[in-house]
There are 4 protein chains.
Amino acid sequence: MKQTKPKYMQIIDAAVIVIAENGYHQAQVSKIAKQAGVADGTIYLYFKNKEDILVSMFREKMGEFIEKIEAEIKSETTASNKLYALIKTHFSLLAADHHMAIVTQLELRQSNKELRLRINEVLKGYFNVIDHIIKTGMDSGEFNPIINHRIARQMIFGTIDEVVTTWVMNEQKYELEKQVDPVHALIVNGFANKNK
Amino acid sequence: MKQTKPKYMQIIDAAVIVIAENGYHQAQVSKIAKQAGVADGTIYLYFKNKEDILVSMFREKMGEFIEKIEAEIKSETTASNKLYALIKTHFSLLAADHHMAIVTQLELRQSNKELRLRINEVLKGYFNVIDHIIKTGMDSGEFNPIINHRIARQMIFGTIDEVVTTWVMNEQKYELEKQVDPVHALIVNGFANKNK
Amino acid sequence: MKQTKPKYMQIIDAAVIVIAENGYHQAQVSKIAKQAGVADGTIYLYFKNKEDILVSMFREKMGEFIEKIEAEIKSETTASNKLYALIKTHFSLLAADHHMAIVTQLELRQSNKELRLRINEVLKGYFNVIDHIIKTGMDSGEFNPIINHRIARQMIFGTIDEVVTTWVMNEQKYELEKQVDPVHALIVNGFANKNK
Amino acid sequence: MKQTKPKYMQIIDAAVIVIAENGYHQAQVSKIAKQAGVADGTIYLYFKNKEDILVSMFREKMGEFIEKIEAEIKSETTASNKLYALIKTHFSLLAADHHMAIVTQLELRQSNKELRLRINEVLKGYFNVIDHIIKTGMDSGEFNPIINHRIARQMIFGTIDEVVTTWVMNEQKYELEKQVDPVHALIVNGFANKNK
DNA sequence: TATGAATGAGCATTCATTCAT
DNA sequence: CATGAATGAATGCTCATTCAT
């Protein structure tokens, strides 16, 4: 079969593999080109520079990621269930793609401030999804109306991110998906013992 | 006045400033030496190599950081109040030291995997403090006995870290200390509307 | 005229010139690159590292050296004449290439033990040529059958080397080729006065 | 017992040990100072600079060396016997002092051209001894009157030096003193088969 | 479009020497 | 005489990017 996949995605997929297997600082352009089966110079026909590969990679992959999460959330009605679906889908997708888990949680964070700001731009799409869930809960009275919207978002993202990062750092030894319930419970109910 | 401060701390303090102001990848040893007011070679009388400067810096600063937080927590009795003191002290210390805030939240994360593992070792001391608070709350019945201990720790750290990082990325434009109450409330009470 | 000479030899020739004119310890890679008319980085497309330049240089030049000597020896029949051809060709080649004379006799000896061992490997080819002459003389009865083969080889090489080194150290002020006859005579006949 | 040995010789002896055990390029001044049991700065009260240590070391040790050889030669009458005594003493002294053998045959040759020229100055004392033997042999008619004086000296020194260097490079695995007879025989009688 | 040889800026570290004590 | 902390110059190698083909 002739290689029909456009070179653009071919290079992005190569970048994920190379970064996951070699680490951010060992992911030279020439290595990515070799993995993609193209010449070094060809990279520059599709990307402005190395940073552009990384940002594009993150944008493409994060785009798919968000789409899938949105699809799962849509069918849920309550905010709590939507949040559950978000956590579950987030964990499942990363558990199913070890390379992406390593790249997003460990390797891409080694990039410089400028690149991280551009990555944060991409993350805004994800933040919007979280914001939508929070708004749903506030509007329906399901969530406490006095909670700070921005802090709520940062807690959801911060918690999910820390849980995944710890899991990746522990070399994905345990089942990430088993953490969905306790994470969801903790976010919705907090630490307080209401039976007391 | 004669310079009496031992050169070891002098160099570490210089490293904080240079990294905060120039970024991790622009923090050359010669720049640190210049900032510290010593010759390049003098650095190597006190540190094995560049990585040793960074790990030592993190260990020294994180040590002080944890000591101060422990001191504030000790005088509190309930787990909720201890948690409040932790968040408050954490935010206050970083708000008071812009350089350290930039270095810990943005720059040091650009280091390679090996260095980050060594930094994580130092962080374990902080995790222990969080663990102690959770245990206090569990033992006293203040916290819900069914919550997952590890996830609880990851939520506390993940939330605090995300809030601080966002604040640093927004160039510390708003008052970090105003976030103490909502962060604490959200962790303790969760999202659920109990009046409903 | 377009530069058609392959860069590999271009760099090796540059290394000979730079080392001869600046000395072993002043022969920086950047200086060799400049002399070769290429960029510093280009060196590393053809050589693994600096040591590789030096070993390759010695191997290439010594290879030519040995080939030429072998060619001259082949047409001689007696061992004595073969030895004469070896000494004559050895002296002539170095007298004709002042740079190589300086590099082999003075500069390359300053290299570290590891590099010198690798250089000695290359020298074995030369020792084989000497060994062949000795064997020829022994087999034909031309040379005294009781002489120690290894010592004989060391005498031939040690004498030639010392004569050339002295000549180079005296800045090649006298004619090296005038030494061919006395060196040959001394090796073949020894010191003893047979007329006595 | 108080250390009465003057520091000058103490430092020279330390230099021999450090160079022999670590190699020329790993023989830092601080290492020599430590081995000698003095402070780095103390070295500079007795020697102008590092090169001065090495030249002084060679001069002192070579001085002893030559004295011992001269003493052995004096009691011999014929040139051949004097030459035999020289070779024998040369080999015996180096076989008895492994450190000096390594330093003179391998390590000191790694020094730069300037230092080697100064070392050659010291060697002239040794050359004088050889010259004296040659002259003795010429005057008595024992040696062939037509041999070139300078070449004869270079042959003797070059052969002895090559034999010793090969022995050191082979890690002194065989008995150097067993080579005295064949080396002497070869120098005096040459290669030619006189029975033929 | 695609190639890949060539480019050249940038930096951690060592160690001989000094000099205040 | 003796110390040893401090100095600072000097260099091999990598890799993102270009451009002639």
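Keep in mind that what you see is a predicted model, and the values were worked out from it rather than measured. (Residues numbered from 1 in each chain as written. Chains lettered and ligands numbered in written order. Predicted model: local features only at pLDDT ≥ 70, side-chain atom pairs only at ≥ 80, totals over all residues. Heavy atoms only, no water.)

Participant: Explain the side chain of K61 of chain C residue by residue, including any values.
Facilitator: Residue and element names in this part refer to chain C. Its place among the elements puts K61 in helix α4 (residues 50-74). On the basis of relative accessibility, which here comes to 17%, the residue K61 falls in the buried class. Apart from residues no more than four positions distant in its own chain, K61 is found in contact with M9, I12, D13, V16 and M100. (Helix = DSSP H or I, 4+ residues; strand = E, 2+ residues; numbered from the N terminus. Buried < 20%, exposed > 50% of the residue type's maximum accessible area, 1.4 Å probe, protein only. Contact = heavy atoms within 4.5 Å.)

Participant: How would you sum up the protein's contact with DNA strand F? Please name residues and give values.
Facilitator: Around DNA strand F sit 28 residues in total, of which T42 and Y46 of chain B, Y44 of chain C together with T42 and Y46 of chain D are the nearest. In DNA strand F, atoms within 4 Å of the protein come 71% from sugar and phosphate. Within the backbone of K50 of chain A, one N or O atom sits 2.8 Å away from a phosphate oxygen of DNA strand F. A distance of 2.5 Å separates a phosphate oxygen of DNA strand F from a polar side-chain atom of Y46 of chain B. Among the elements of the structure, α3 (40-46) of chain B, α3 (40-46) of chain C together with α3 (40-46) of chain D are those that each provide at least two residues to the surface near DNA strand F. Partitioning the surface near DNA strand F into residue classes produces 12 nonpolar, nine polar and seven charged. (Near = heavy atom within 4 Å. Polar contact = N/O pair within 3.5 Å; in protein donor to acceptor, adjacent residues only side chain to side chain. Nonpolar A, V, L, I, M, F, W, Y, C, P; charged D, E, K, R; others polar.)

Participant: Outline the packing of aromatic side chains, supporting the account with residue identities and numerical values.
Facilitator: The geometry of an aromatic ring pair is captured by two quantities: the separation of the ring centres and the angle between the planes. Per the counting criterion, the structure on display carries 20 aromatic pairs over all chains. Residues Y8 of chain C and F47 of chain C carry aromatic rings whose centres are separated by 5.1 Å and whose planes lie at 15 degrees to one another, so their mutual orientation is stacked. On the criterion of sequence distance, the pair formed by Y8 of chain C in helix α1 (residues 7-22) and F47 of chain C in the loop between α3 and α4 is long-range, its members being 39 residues apart. A residue is classified by how much of its surface remains accessible, and Y8 of chain C, at 24% relative accessible area, is partly exposed. Here a set of aromatic residues connected by ring pairs shows up, and it is made of F65, Y126, F127 and F157 of chain A. Here R150 of chain B stacks its cationic end above the ring of Y174 of chain A, 4.1 Å away from the centre of that ring. (Phe/Tyr/Trp six-rings, centres within 6.5 Å; stacked < 30°, edge-to-face > 60°. Lys NZ or Arg CZ within 6 Å of the ring centre and 35° of its normal.)

Participant: Now, about the interface of chain D and chain C: what can you tell me, with residues and values included?
Facilitator: Residue-level contacts link 48 residues of chain D with 48 residues of chain C. With both chains or domains summed, chain D and chain C bury close to 4400 Å², and 62% of this area falls on carbon and sulfur atoms. Put simply, chain D and chain C have one salt bridge between them. Between E107 of chain C and K113 of chain D there is a salt bridge; the shortest N-O distance is 3.3 Å. On the surface where chain D and chain C come into contact, there are 13 residue pairs in polar contact (both at pLDDT 80 or more). The set of elements that each furnish at least two residues to the side of chain D that touches chain C consists of α6 (98-107), α7 (113-140), α8 (149-169) and α9 (180-189) of chain D. (Buried area = accessible area lost by both parts, 1.4 Å probe. Salt bridge = Lys/Arg side-chain N within 4 Å of Asp/Glu carboxyl O.)

Participant: Explain the packing of helix α5 (residues 79-96) of chain C against helix α8 (residues 149-169) of chain C to me, and be specific about the residues and the numbers.
Facilitator: Helix packing for two helices is described by the angle between their axes and how far apart those axes are. Residue and element names in this part refer to chain C. Orientation of α5 relative to α8, taken along the N-to-C sense of each, is 25 degrees, at an axis distance of 12 Å. The angle between α5 and α8 falls in the class roughly parallel. With respect to the hand of their crossing, α5 and α8 are arranged in right-handed fashion. Taken together, the residues of α8 that come into contact with α5 (itself represented by L83, L86, I87, H90, F91, L94 and A95) are I156, I160, V163, V164 and W167. Within the contact of α5 with α8, the residues separate by chemical class into 11 nonpolar, one polar and no charged. (Axes fitted to C-alpha atoms, helices over the stretch in contact; angles between N-to-C directions. Parallel < 35°, antiparallel > 145°, perpendicular 65-115°, else oblique. Left-handed = near helix turned anticlockwise from the far one by under 90°.)

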